[in-house]
Each structure stands twice: as C-alpha cells, then as structure tokens.
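# Observations on the three-dimensional arrangement
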Amino acid sequence: MSGTKKTLVLDQYEYGVIFHSLNDRRNRMLEENRATDAVDDVLLKVIQAMEPSGKEKRRHKHHEER
C-alpha cells in the first residue's frame, strides 16, 4: 500500500454509512473465520473521526450541562 493519504469530508449520515458498511463487512468476515485486522484498523479510524474534537467536545459538553 502506498504512503499517500486522502482526506474525506463527510456529514454525520455519510459517516454512518461508512461505519455500518465496515461493521457489516467485519461481521461477515468473522462468520467466515477470516482475519479482520485491516477492516478493524479502518473502522477504528472512522470511530475516532466521529468523536468530537477538543473545541467541539467542549461546546457539546456545555450544551449537555444546560
């Protein structure tokens, strides 16, 4: 695999599509007793990208306290 990285800008719906697609793929691979390492790595990246960043996290927490 090359060292080239790409950045995707996605809304919440698009993140959800990617997350569920990867999760479904992982589940099928587990049923087939296949290694899921590559899918796991990408799935973790998607989950981390879905988490609010520092500024967004503070703003989100502020709204929860109301």
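In short, a report on the structure. Remember, predicted model here, so these are calculated numbers, not experimental data.

This brings us to the overall build of the protein. Looking only at helices and strands, the protein has three helices and zero strands in total. Going residue by residue from the N terminus, the α and β elements of the protein occur as α-α-α. Of all 66 residues assigned to the protein, the portion counted as buried reaches 12%. Total accessible area on the protein is roughly 6,100 Å²; 52% of this is exposed by carbon and sulfur atoms.

This brings us to the pattern of salt bridges. What the rule picks out here adds up to two salt bridges. Between Asp40 and Arg26 there is a salt bridge; the shortest N-O distance is 2.5 Å. With Asp40 in helix α2 (residues 37-50) and Arg26 in helix α1 (residues 12-31), the pair connects residues that are 14 residues apart, well separated along the chain. The shortest N-O distance in the salt bridge between Glu32 and Arg34 comes to 3.1 Å. A relative accessible area of 45% means that Glu32 is categorised as partly exposed.

Core analysis: the largest hydrophobic core is formed by six residues, namely Tyr15, Leu22, Met29, Val39, Leu43 and Val46. Not counting the four nearest positions on each side in its chain, Val39 is found in contact with Leu22, Arg25, Arg26 and Met29.

Turning to α1, a few remarks are in order. Every α-helical turn comprises 3.6 residues, leaving residues that sit three or four positions apart pointing alike. Between its terminal C-alpha atoms α1 stretches 28 Å, which fits the 28 Å expected from 20 residues at 1.5 Å a residue. Along α1, the positions that sit buried rather than exposed are Tyr15, Gly16, Leu22 and Met29. Projection of α1 onto a plane perpendicular to its axis shows the buried side chains occupying an angular sector of 160°, all on one side. Set apart from the buried face of α1 by more than 90 degrees, the exposed residues are Tyr13 and Glu31. Structurally, α1 contributes buried residues whose contacts are with α2. Two or three places before Tyr13, at the start of α1, stands the capping residue Asp11, its side-chain oxygen 3.1 Å from that residue's backbone nitrogen.

Non-glycine residue Asn33 carries a positive phi angle of around 55°. Looking at the secondary structure, you find Asn33 in the loop between α1 and α2.

How each quantity is defined
Residues numbered from 1 in each chain as written. Predicted model: local features only at pLDDT ≥ 70, side-chain atom pairs only at ≥ 80, totals over all residues. Heavy atoms only, no water. Helix = DSSP H or I, 4+ residues; strand = E, 2+ residues; numbered from the N terminus. Buried < 20%, exposed > 50% of the residue type's maximum accessible area, 1.4 Å probe, protein only. Areas by Shrake-Rupley, 256 points an atom, 1.4 Å probe, with all protein chains shown as cover. Salt bridge = Lys/Arg side-chain N within 4 Å of Asp/Glu carboxyl O. Core = buried A, V, L, I, M, F, W, Y, C linked by side-chain atoms within 4.5 Å. Contact = heavy atoms within 4.5 Å. Expected span 1.5 Å × (residues − 1). Arc of directions from axis to C-beta. Polar contact = N/O pair within 3.5 Å; in protein donor to acceptor, adjacent residues only side chain to side chain.

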